[in-house]
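# Structural features, examined
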Amino acid sequence: MGFTKLFLFFFFLVLNPSQSYAAENVSVTLYYETLCPYCADFIVNHLAKIFQNGLIPIVNLRMVPWGNAWLNSDGSFACQHGTDECLFNTIEACTITIYPNVNRHFTFIHCVERLTLHNKHSKWADCFEMSKLGTVPIDCYNSGYGNQIETKYAKETAQLNPPHRFVPWLVVNNKPLAEDYGNFMAYICKAYKGKSPEACRSILYKTESIGNEKSIPQVCLAEQGRNSTY
């Protein structure tokens, strides 16, 4: 009797392969820099929605705070929006590393970027208390470990293929969305092979109703030095 049940179980799996494994989460990586106003707007007003509408359980979200920064010959960093941006890039990199749970570090990043949108980023340290995280990332920055993390992010960003042309630069399952990054939720829904979350129904409808018209997004360009936006 036990053999018969086992046989029927494996027979069922053969006929229904979708039942034998869980669908893989969709990989989403955001390459950004902390004081680019368009990165801040995307994080606060768009990316944050996946934590609210039920998409985050099917997403493996990675944040890479380097953007259009570059390495000087002496190994120091230079950032498109000045030294404050280098500081915040590194602080956020430390926070991601020390608090790898995406819900925890994204809460902190969201706070800092919201302050950026309101030109209040000088109050960034308040975000540790708001997000209920410790201030260990500051120690990470002061110790120099943050620079090691940022150097890794710099290498990863430099190896993007095709190269990033601007930030925010969003990659979904290894596909760069380029100018269409605003439709990122539709790409997530289309890429996910499991049971479609409820949120995907309205998301797909909205994007399909737009047609093929694409507006040129506001971005911080990679090719033109500091304060390059359009």
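Scroll up a little and you will see the structure.
## Quick notes on the packing of aromatic side chains
Taken as a whole and assessed by the stated rule, the structure comprises eight aromatic pairs. Pairing Phe42 with Tyr181 gives two aromatic rings, centres 5.3 Å apart and planes at 90 degrees, and the pair type is edge-to-face. Within this pair, whereas Phe42 is found in helix 2 (residues 37–45), its partner Tyr181 is found in the loop between strand 7 (175–176) and helix 8 (184–191), the two being separated by 139 residues in sequence. With respect to burial, Phe42 and Tyr181 carry one shared label: buried. Between Trp124 and Phe128, the ring centres sit 6.1 Å apart and the planes meet at 70 degrees, which makes this aromatic pair edge-to-face.

## A look at the pairing of strand 1 (residues 26–32)
In terms of burial, strand 1 is largely enclosed, as six of its seven residues are buried. Summarising the sheet, strand 1 and strand 2 (residues 59–65) pair through seven bridges and their orientation is parallel. Residue pairing across strands places Tyr31 opposite Val64, the latter belonging to strand 2. Chirality of the crossover, the property in question, places the unit of strand 1, helix 2 and strand 2 among those that are right-handed. As paired strands, strand 1 and strand 6 (residues 169–172) are joined by four bridges and run antiparallel to one another. Bridge pairing in strand 6 links Thr29 to Val171.

Analysis parameters
- Residues numbered from 1 in each chain as written.
- Predicted model: local features only at pLDDT ≥ 70, side-chain atom pairs only at ≥ 80, totals over all residues.
- Heavy atoms only, no water.
- Phe/Tyr/Trp six-rings, centres within 6.5 Å; stacked < 30°, edge-to-face > 60°.
- Helix = DSSP H or I, 4+ residues; strand = E, 2+ residues; numbered from the N terminus.
- Buried < 20%, exposed > 50% of the residue type's maximum accessible area, 1.4 Å probe, protein only.
- Pairing = 2+ DSSP bridges.
- Right-handed = clockwise from strand over helix to strand, strands pointing away.

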